[in-house]
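# Architecture at a glance
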Amino acid sequence: MKKIITGITAILIFIGCTKEKLSDRLLPEPDKNEHLISENALKINKNKNTIRERFSPPEGYEWIEEKPGSFGHFIENFKLKPYGSQILKYDGVPISTQHLHEAIFDIDTGNKDLQQCADAAIRMRAEYLYKSKKYNEIKFHFTSGDLLSWNDYKNGTRALVNGNSVSFRKTAAFDDSYNSFRNYLDLIFNYAGTISLNKETKPVMRNSDLKTGDILITPGSPGHIVFISGACQNQKGERLFLLSEGFTPAQSVHMLSNPFNPYFTPWYELDVNAAETKTARYFFKPANFRSF
């Protein structure tokens with residue numbers, strides 16, 4: 001099977017989020033207000049090691065219950081690194097900005113500059129499906145539109161890129177090990193991105209439908225993604241959300257603080273109809289919420 005990629009699309013495949021730093025949607029660092037955040041932030045149970053256990057909702061709000069076995073339940077109960085852990089790049093070096101996150105997911109970044117913004121959301125989704133043994137659902141499109149599933153990859157199918165064309169051939173032996181799965185994901189990270197992920201997800205049209213596991217995305221090059229990693233609600237039905245992301249260069253998957261509201265950090269108000277949504281390191285204009 002062989003499909004031709006346009007020259008522009010071929011470039012997009014390789015760019016991914018690599019030019020994120022050039023985007024005018026990147027927020028300048030807020031004033032150094034770490035002291036405000038630490039003094040006014042809601043209670044954080046620093047000795048706990050999951051999002052749901054570590055972060056208490058604001059007064060009057062309660063965690064929205066996620067069904068066991070769901071993607072949302074998987075994210076909210078994913079193991080975190082010890083509180084205060086730094087964001088590390090793929091080469092093990094800490095990034096310069098360490099005051100805009102509240103948690104680090106205990107998941108590897110790999111040793112190459114691959115697992116960036118869209119890839120962090122893909123990684124969490126793929127890990128959920130893998131651990132749930134929903135192998136038939138593990139499949140992602142390249143930016144070119146070509147689809148490669150985990151089932152095909154573990155059976156030996158590989159992507160061959162030649163100029164502006166992509167073809168798939170069986171060139172390897174069967175291997176369904178976790179190491180093979182990680183190699184599959186690295187291949188996806190190399191050729192997928194915000195554009196492809198936007199196309200293979202569904203729009204969320206109502207605030208009441210927003211849930212843990214949904215993404216907020218600007219497709220493009222540059223583009224960016226954050227994913228909802230927790231949700232709470234008050235008696236009026238008003239909701240607040242936790243947001244997490246990967247970034248460029250490839251670095252630890254982390255949960256963001258909210259520097260725009262240090263009294264509510266790390267919770268965010270979200271609106272699917274908002275003209276603009278500011279997050280700690282990027283703003284989305286307009287809002288574009290989508291669901292797997």
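The model shown is predicted, which means the values in this text are computed figures rather than measured ones.

Parameters at a glance
- Residues numbered from 1 in each chain as written.
- Predicted model: local features only at pLDDT ≥ 70, side-chain atom pairs only at ≥ 80, totals over all residues.
- Heavy atoms only, no water.
- Axes fitted to C-alpha atoms, helices over the stretch in contact; angles between N-to-C directions.
- Helix = DSSP H or I, 4+ residues; strand = E, 2+ residues; numbered from the N terminus.
- Parallel < 35°, antiparallel > 145°, perpendicular 65-115°, else oblique.
- Left-handed = near helix turned anticlockwise from the far one by under 90°.
- Contact = heavy atoms within 4.5 Å.
- Core = buried A, V, L, I, M, F, W, Y, C linked by side-chain atoms within 4.5 Å.
- Buried < 20%, exposed > 50% of the residue type's maximum accessible area, 1.4 Å probe, protein only.
- Polar contact = N/O pair within 3.5 Å; in protein donor to acceptor, adjacent residues only side chain to side chain.
- Expected span 1.5 Å × (residues − 1).
- pLDDT = per-residue confidence, 0-100.
- Pairing = 2+ DSSP bridges.
- Phe/Tyr/Trp six-rings, centres within 6.5 Å; stacked < 30°, edge-to-face > 60°.
- Lys NZ or Arg CZ within 6 Å of the ring centre and 35° of its normal.
- Salt bridge = Lys/Arg side-chain N within 4 Å of Asp/Glu carboxyl O.

As a further point, take the packing of helix 5 (residues 117–131) against helix 7 (residues 178–191). Running from N to C, helix 5 and helix 7 cross one another at 150 degrees; their axes reach a closest spacing of 11 Å. Taken as axis vectors, helix 5 and helix 7 run roughly antiparallel relative to one another. The chirality of how helix 5 crosses helix 7 is right-handed. Seen from helix 5, the contacting residues are Asp-119, Ile-122, Arg-123, Ala-126, Glu-127 and Tyr-130; seen from helix 7, they are Tyr-178, Phe-181, Arg-182, Leu-185, Ile-188 and Phe-189.

So, on to the nonpolar core. Counting 52 residues, the largest nonpolar core has Phe-105, Met-124, Phe-142 and Tyr-184 as its most contacted members. At nine residues, the largest contribution of residues to this core is made by helix 5. Judged by nonpolar contacts, the second largest core, of 19 residues, contains Leu-216, Ala-231, Tyr-268 and Phe-284.

If you trace the backbone, Ser-149 turns up in strand 5 (residues 147–149). Residue class for Ser-149 comes out buried when judged on its relative accessible area of 12%. Among the polar contacts made by the side chain of Ser-149, one reaches the main-chain amide nitrogen of Asp-152 at a distance of 3.0 Å. Excluding residues within four positions of it along the chain, Ser-149 makes contact with Ile-138, Lys-139 and Tyr-184.

With respect to the element layout, Asp-146 can be found in the loop between strand 4 (139–141) and strand 5. Residues Asp-146 and Ser-196, 50 residues apart in the sequence, show an inter-C-alpha distance of 9.5 Å. There is a polar contact of 2.5 Å between the side chain of Asp-146 and the side chain of Ser-144.

Turning our eyes to something else, we now look at helix 5. For helix 5, which comprises 15 residues, the first-to-last C-alpha distance of 22 Å matches the rise-based estimate of 21 Å (1.5 Å per residue) to within 8%. Taken across its 15 residues, helix 5 has 14 buried, putting it largely inside the fold. Lys-133 sits one or two residues past helix 5 and shows a positive phi near 60 degrees.

A separate point is the side chain of Glu-245. As for its placement among the helices and strands, Glu-245 is situated in strand 11 (residues 239–245). Polar side-chain contacts of Glu-245 include one of 2.8 Å to the side chain of His-224.

Moving on, we come to the confidence of the model for the protein. In this model, the protein carries a mean pLDDT of 89, and residues with pLDDT of at least 70 account for 86%. Counting interchain partners and residues more than four positions distant, the pLDDT-below-50 stretch residues 18–23 has 14 contacts.

This part takes up the pairing of strand 11. Strand 11 sits mainly inside the fold: six of its seven residues count as buried. Relative to strand 11, strand 10 (residues 224–234) is paired through six bridges, and the arrangement is antiparallel. If you follow Gln-233 over to strand 11, its bridge partner there is Arg-239. Following strand 10, the chain reverses through four residues before pairing antiparallel with strand 11; Gly-237 in that reversal takes a positive phi of roughly 90 degrees. As judged from the two bridges shared by strand 11 and strand 12 (residues 254–256), these two strands associate in the antiparallel manner.

The description of an aromatic ring pair uses the distance of the two centres, along with the angle that the planes make with each other. Applying the stated criterion across every chain, the model contains 20 aromatic pairs. Seen in terms of ring centroids, Phe-74 and Tyr-128 are 5.7 Å apart; in terms of plane orientation they differ by 55 degrees. Their pairing is tilted. Of this pair, Phe-74 sits in helix 4 (residues 71–76) while Tyr-128 sits in helix 5, and the two are 54 residues apart along the sequence. For Tyr-128, a relative accessible area of 5% gives the class buried. Ring pairing ties together the aromatic residues Phe-71, Phe-74, Phe-78, Phe-105, Tyr-128, Phe-227 and Phe-292, which thus form one cluster. Positioned over the ring face of Tyr-153 is Arg-158, at 3.6 Å from the centre of the ring. Between Arg-281 and the ring centre of Phe-247, over which it is positioned, the NZ or CZ distance is 4.0 Å.

It is worth spelling out the pattern of salt bridges at this point. Enumeration according to the criterion identifies eleven salt bridges in this entry. Arg-52 serves as the salt-bridge partner of Glu-76, at 3.1 Å between the closest nitrogen and oxygen. Here Arg-52 lies in helix 3 (residues 51–54) and Glu-76 lies in helix 4, a separation of 24 residues in the sequence. A relative accessible area of 1% places Glu-76 in the buried class. Here the salt bridges do not stand alone but share partners, grouping Asp-108, Arg-123, Glu-127, Lys-131, Arg-182 and Asp-186 into one network.

As a further point, take the environment of Val-253. Looking at the secondary structure, you find Val-253 in the loop between strand 11 and strand 12. The buried category is assigned to Val-253, whose relative accessible area is 1%.

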